[in-house]
Structures are given as C-alpha cells and as structure tokens.
Amino acid sequence: MGVLSDLRVVEIGSSAATSYCARLFADFGADVQKVEPPAGDPIRRSAPLTPSGKSAWFAFLNFNKSSIIMDSADPGAVTRLTAIIKDCDILIDGRDVDPADCPIVDIGAIREQCPGLIYLEASWFGSEGPYARFVATDSTVRALAGLIKLVGPVAGRPLHAPDFQTGILAGLWGFIAAASSAIARMQGGAGRSWSLSTFESSVSLSEYLMLEAFARGDVVRRIGINRFWPTFPAGIYETKKGWLGVTTGTPAQWRAFCDVLGLSELRDDPALLFGVDRLRNTEQIERHFMPRLKTRTAQEWFAEGLKRKIPIVPVPEISDLLRDAEKRERGAIVPVLLGGEEGLTAGSTQRLTSTPPRRGGKVPAPGEQQRFANTGRRLTGTAPVPSGCIDAGGLPLQGIRVIDFSMGWAGPLCTRTLADLGADVIKIEAIQYPDWWRGVDRRRAYVDSQMYEMKPEFCVMNRNKRGITLDLTRSQGLDLAKRLSAGADVVVNNYSADVLPRLGLGYDVLRKLNPRLVMMSMSAFGTNSVRRTCRAYGSTLEQGSGLPTVIGKSDGPPVMSHIAFGDAVGGLNGCAAVLVALIHARTTGRGQFIDLAQIECMMPFAAPWITLHSIDGAQPVKYGNRHPEFVPHGCFRCAGEDNWIVVTATDEHMWQRLAVLIGRPDWATDMSLKSAEARRDIEELIERGIEAWTMARDADQAMSELQAARIAAGVARLPIDLLSDRQLKSRGYLQEIERVFIGSHPQPSMPIREGEAPYGIRAAAPTLGQDNREILSELLGLAAADIAQLTREGIIGTAMLSEEELQAKVSSD
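Residues numbered from 1 in each chain as written. Predicted model: local features only at pLDDT ≥ 70, side-chain atom pairs only at ≥ 80, totals over all residues. Heavy atoms only, no water.

K.L.:
Could you give an account of the pattern of salt bridges, with specific residues and numbers?
P.N.:
The tally for this structure, following the rule as stated, stands at 62 salt bridges. E684 serves as the salt-bridge partner of R688, at 3.5 Å between the closest nitrogen and oxygen. Of this pair, R688 and E684 both sit in helix α29 (residues 683-694), 4 residues apart, which is roughly one turn of the helix. Salt bridges sharing common partners tie together R626, E677, R680, E683 and E687. (Salt bridge = Lys/Arg side-chain N within 4 Å of Asp/Glu carboxyl O. Helix = DSSP H or I, 4+ residues; strand = E, 2+ residues; numbered from the N terminus.)

K.L.:
Talk me through the side chain of D89; I want residue IDs and the actual numbers.
P.N.:
Mapped onto the elements, D89 comes out in the loop between α3 (77-86) and β4 (90-94). D89 sits in the buried class, given a relative accessible area of 0%. Polar contacts involving the side chain of D89 include one to the main-chain amide nitrogen of R8, which spans 2.8 Å. (Buried < 20%, exposed > 50% of the residue type's maximum accessible area, 1.4 Å probe, protein only. Polar contact = N/O pair within 3.5 Å; in protein donor to acceptor, adjacent residues only side chain to side chain.)

K.L.:
Which residues make up the packing of helix α32 (residues 772-779) against helix α33 (residues 784-792), and what values go with them?
P.N.:
Helix-helix packing is characterised by the crossing angle of the two axes and by the distance between the axes. It is the contact of α32 with α33, at a shortest axis distance of 10 Å, that shows an interaxial angle of 135°. By the angle between their axes, α32 is oblique relative to α33. In the crossing of α32 with α33, the sense of the turn from one axis to the other is right-handed. For the pair α32 and α33, contact is made by R773, L776 and S777 and by A784, I787 and L790, respectively. (Axes fitted to C-alpha atoms, helices over the stretch in contact; angles between N-to-C directions. Parallel < 35°, antiparallel > 145°, perpendicular 65-115°, else oblique. Left-handed = near helix turned anticlockwise from the far one by under 90°. Contact = heavy atoms within 4.5 Å.)

K.L.:
Could you give an account of helix α6 (residues 166-186), with specific residues and numbers?
P.N.:
Here α6 is 21 residues long and its end C-alpha atoms lie 30 Å apart, about the 30 Å a rise of 1.5 Å per residue gives. The element α6 is extensively covered by neighbouring structure, given that 20 of its 21 residues are classed as buried. Where α6 terminates, the next one or two residues include G188, which has phi positive at roughly 105°. (Expected span 1.5 Å × (residues − 1).)

K.L.:
Explain the sheet that holds strand β8 (residues 243-247) to me, and be specific about the residues and the numbers.
P.N.:
Pairing in this open sheet of 3 strands is antiparallel, and the strands run β7-β8-β9 from one edge to the other. On the outer flanks of this sheet lie β7 (234-238) and β9 (312-315), each paired with one strand and no other. Strand after strand, the sheet turns through a mean of 25° between neighbouring axes, direction not considered. As paired elements, β7 and β8 share 5 bridges and run antiparallel to each other. Residue pairing across strands places E238 opposite W243, the latter belonging to β8. Relative to the sheet, helix α12 (residues 282-293) contacts β7 and β8, its axis offset from that of β7 by approximately 50°. (Pairing = 2+ DSSP bridges.)

Here it is, written out as structure tokens:
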C-alpha cells in the first residue's frame, strides 16, 4: 500500500504536464482516474509507436492509472463527471492545453461545495498575457524559454530534442503544488486552487544563465556542440571505446584532469585556471586532450576519475541503460505492460526507502479500471473544512523546518522551493568551505573584496532562507548541526553519498535523535551504487543519463542540451520526494531516508526511446530537429544575425494554414500531402519553403504572423532575452529584490500560483553566516558569550577564508 493510497485523483483534459503530474501520484498508490473521450486521450496516438502501434510516450505518462470513458454528447455526462470530481481529493485539469472533448463542468461551483478539493489547472503560458492564446508544442515553448538557441554549432542552426521535456518539468511543478496543498490540508487547511504555466516551468532551466546575463551582460552565446558558457570543458568526447562526459568546474578538477592526461603544460598555465578563461582557448586545449582521450576506453577513464575526484562519466547508449542491472535493482528501469506488449520504461525517481514507489505497472486500456490495494480511508477527503483552519492565504508549508546542507543548484533549488512554499529553511555553510556557487576562486583578492557575496546564481537559489556557518569537521560545529537536525522536519544534502556519514551526520545517527526526520541524499548515482563516490555537476547528470545519445543528427556525436540540465531536474524531483515523505511522516509520525540518484532523474526524458528499444531492440532513431510525428518540425533562420524560430504543424489543418501562409497554396490543396507521413517524403523541400519565408522576416514578426494563423511557432530566445520577455513581464514573473552587495536584482517566481500574482519573495539570499546569532541563540539557546567563543575559534563566522588562510589553518591544526 502506497503513501498516497488514501488519495483519489481525477485527471481531465489532455496534456503531458497533467498526465505526468497525475502519474507521480499513482507512483505512490493514489487512485488516479483518467477521464478520456470515446476515442481515448489524443496522446495515445503520439509517436514514437511500438510495433503494435502503442504510444511509448503515453505509456510512460499513464501506467498505474485507471481510465473512465466520458462522451460529452451523453446527456448525463456533466452530471456524471461532476459527481466523480466531487468524490476526489485532487483535480488535475489539462483542458486549457487540449480539452480532449471533456464535458464542461462548473469547477467554481464544485469547489464551493467541496472546500477541501485541491485543484490544479495547467496551460502553456498562463491565462493572461500576450502569449496566453498561443498555439504551442514542446519545442516552441522550449525555444521561447531560452532552451534551444544555445545548443548546436556556432554557425549552423541550433539543435534540439524533438519533444518529451516540458511535460516532465511542468508535471513536477504541478505535483509540488498539489502535494504541498495536501500537507497543508492535513494540518487543517482548505483545499487550494493552483494555476501552472508550462512556459514558466521551462524557464526554471534558464534561471541561472538569465541571472548571469543580468550581471555580466550579453555574454551567453551558442559556442558549439557540447560547449557551454561559463565552463570548459563541460562536454562529451570520443574515447577508444565509447563516449565520455567531462566537466571541470574547479581549479582542482582542472589540474587533476590535466594530470591524468599528462598535460602538465596546461595544468601549470595560470591563464587556464578557470573555466571562463579556458573558453577563450577551446580549440587549442581540445587539440591537446582529445587525442589522448582516444588512447583508453570510457570505462577506464571513469575509473581514473573516481580515484582523482574528477566529474567524468561514460555516456551510455539506451541499450547500456537496459543492460545495467543496478538501474533495474534501484527501480530506475521498470517493467511496463502496453496491451499485449511487455516493455521497460523509466521508473519513479523519488526513491523513498521505507515507502518506495510502485515499480512499473500496466497502461490502462480506454475505460479500464485497475484495482490496487487500498484501505478505503481518505487522508482528508473533501468534506467541509473545520472552522478555525489555517488561513487560506497562508503558505502551505508554514511550520515545517528544513536543514539545508546543499550547495550549487540542485539541492538549493529543492530547498528554495520548500522555502518559497513557506518552510523555514536554514542553510548551513562554513567559512572554510562555503557554497561553491559563491565562486570557486579562493585567491586573496576575490575573498577580500567579498566577491563571494555578489554571485547572482547564489542569490537566486537561496532566497527566502536563513543562513548559518558551522565547521562540521570540528566537534563543536558537528554538535550544533545535530541539535538543529533534532528539531527539524527535513534534512537535505547533495554531497557525494559518503560525505555526511563520514562527518558523523548520516541518517543512522540523526534518526536516533529525531525519529520523525525526513532526510534526503541527492548524490549522482545513489548511496548504494557501485559508482556512489562519483563527483558530478548538472552536466555530468545529463551525460550519464542516456539522453544525449538520442539527440542530434544520425551521423553526429551525442549532444548535450544544457550546461547543467540535471541540476534543476534533480532539484524538482528532490522537492517532490520530500513532500511525499512529509505526507507519510505527518500520517504516521515516522520519518525516512530518501536515496535520490540525480542521474536517474534525467532518465524520464529518454523514456520513449527506452520503451521502444526494450520491445523491438532497434537502434533508437535520432531525429535532429525533426519529429517522430509532426511534419514539418524544425528551427528556421530569420532575418538578421543568428535569429531563429521553431515552427511545426501538429495536424492536417495546421499544415494547410502553414502552406497557405508561406505562399504554397498548392501544397494545402494537395491531398497526397494530407498526412504527416506523406509529407515526410518531401520534408526537405517543405523546410526550404518555410525558411525562404522566415528569412524575409524578423523572428518576432514571423512568430506574430504564424500565431495569427494558429500555427505553432516560438522564437528561439537567449537567456538574456527573458529579462525583457513581454509574457513574463505581463505576469510579474520577475520580482525586483534588494540585497546588500548587489542592490536591486530580478528574481524569478515559481511557475505555480494560487491567484493572479505569484507568491511574493519574502527575503533575499543570506550573506555568509548572516543569521548565526539569531539561530544559535533563539533555536539552540546559546548565550552571547558562547557565540563569541565559537566565532574566535572559527567554528562560525561571516567572512570566507582565502586559500592562504585555509592552508595556514590546516597547517596549524
């Protein structure tokens, strides 16, 4: 019986985002009822298809659900659907994306009668703003969100995955909204009503570079396949056997990489110490190390990386993932039944160890009810809410305390989201080893000028938190960390799997102090993996996921899609996992350990290819910028320098409108081109016709004309463009916040909101050790003299130590 087996969820409309959100509830035992028209959810017909014609994408999004067929032409359909919704806890609504012929019901009236109902409505862009009524697809949204233009060759067109991304990102955000509402309702609150923007969910991946652009100007450009600002190398390279993902984020990692390759002249060059400096010399550096990488296999280099703590990882093919026994043992690859076909797909990534998710399941046939063990109890039901409940305007996670040992992007995004939703998050750093997103430069000039307080990426990931410094390598600091954990609900870390246990802060220690504690490790491969000591960045996670091997051209290398794709994805999955564990803890009084492997969090993006290969064994198709279902589908040059637009036709009628608009009415009336498969025979000719039209127009003008004709199109934006994006501006997505050292700066909102405006940002990111006195005195009861003594001994502090000071301390110790 799953953690959520007392929840009933109803899913209406058709969108990947709402389907994935609902499936996350099904993973943990919720009774999910998917309402479909007589012809079935349109996604059932989405390519790529299995040999028997089943959609691999639909299978991933919908296993372990039940299906209800609802004919809107039936006179009793509205009454029947209304009754089904009234009997559920959570309603997930994708009708704004595609109504899928769902009967029209009065959601407002239902919520008045059922105040405990949690409601989530998803759309492409939100209900208001200049993009609100845009026709969209996965790729056009990613283009507008700044996720396409940075990928690909410098001079050629950007490269991008065909699909299967925005629905996962938005589905995670939708789950976070609904699950946090379930927690608030368990504490006496009413149900909540959320809206979810798929576009803004995708912008979550661009936050880092958007804020870098705010601080540094227009420096982020497309610089080649598997090259990304501001780190180099952070790409994929050929070896003697297989491909290798390489990332050198710190000076120490760069030196170790040079050492293992025997490149002392590069290691000792002070002009190459930092990634931004190396980016100025990419060709020269690659000429040195690429031939040497070809002298050994990817697995041999990986073994060297483990020994030397270098973030390098073999880049697996889809077949490698399916042969990986550890992936199956951990539930990263699970069985799925599609009618009469047995296949495999990506499993749940929220690996709760005491109450794990279901391991695979069956895809329901239209109208099929699946039966699972269920207690018949309801967590909260939709009965009238008792008087004196939590104020509906309050934040859903008020009263929950989180101890945050994480650094960088993934862990801090997880805890920032919890903080945004109202949790009291206490971020623990050390003056000896602060969060590396404050900067990896430990030279005296950087430290003395307090540049570590001016990094935009740190500021954006750590808002709404309190900050404290503790030297965890010394007994006094360790004891204080234990005392804070003893009074917390959640502890989060994203170090390598063995770091906190080695310090004496493992779950086996903390659960004795606090049996209701939820503790999450966010390592690369998982705490029980044979690869558990692997160092990793967000780039490493993408490299090791299998996704790059299905992106790009058929004759090209594996292609990465982002400088740190895995970080944001890991952070959102981590937040989702924590919320499920909190529901369990609130229900039972028992905490548990969450073993989140961030590489596994990336595997859902390759789910359709995993399923197809598991069934037919064929080499996965690499579509380039084309699509397995839509023709045409691609990225087309516009007037001016490096201006591009993504355009696609998703059905026959959109194709006809596109053909007329670009001056080819003969194509629109040619019945032999009615189907996408027929158009595929002349796809190159169609693409030339579209580009002849787009090249005569500015990208935004082309988008306006295409959207006016109801054709899916999106300008390929750079992250800096998002700072002035008219849709984001109209919705107040970027909030101006004041912080010492940097002054006023924009902060992105969550893509989920309860009303017309996003949640306000309550506090800027803390300066180093900003809240030492408040936390130590008010929470732990330390006297002023004790705090002063901790400061003198360097257990706490407010100033980062330089490399010289750190070495002097080590020597004196």
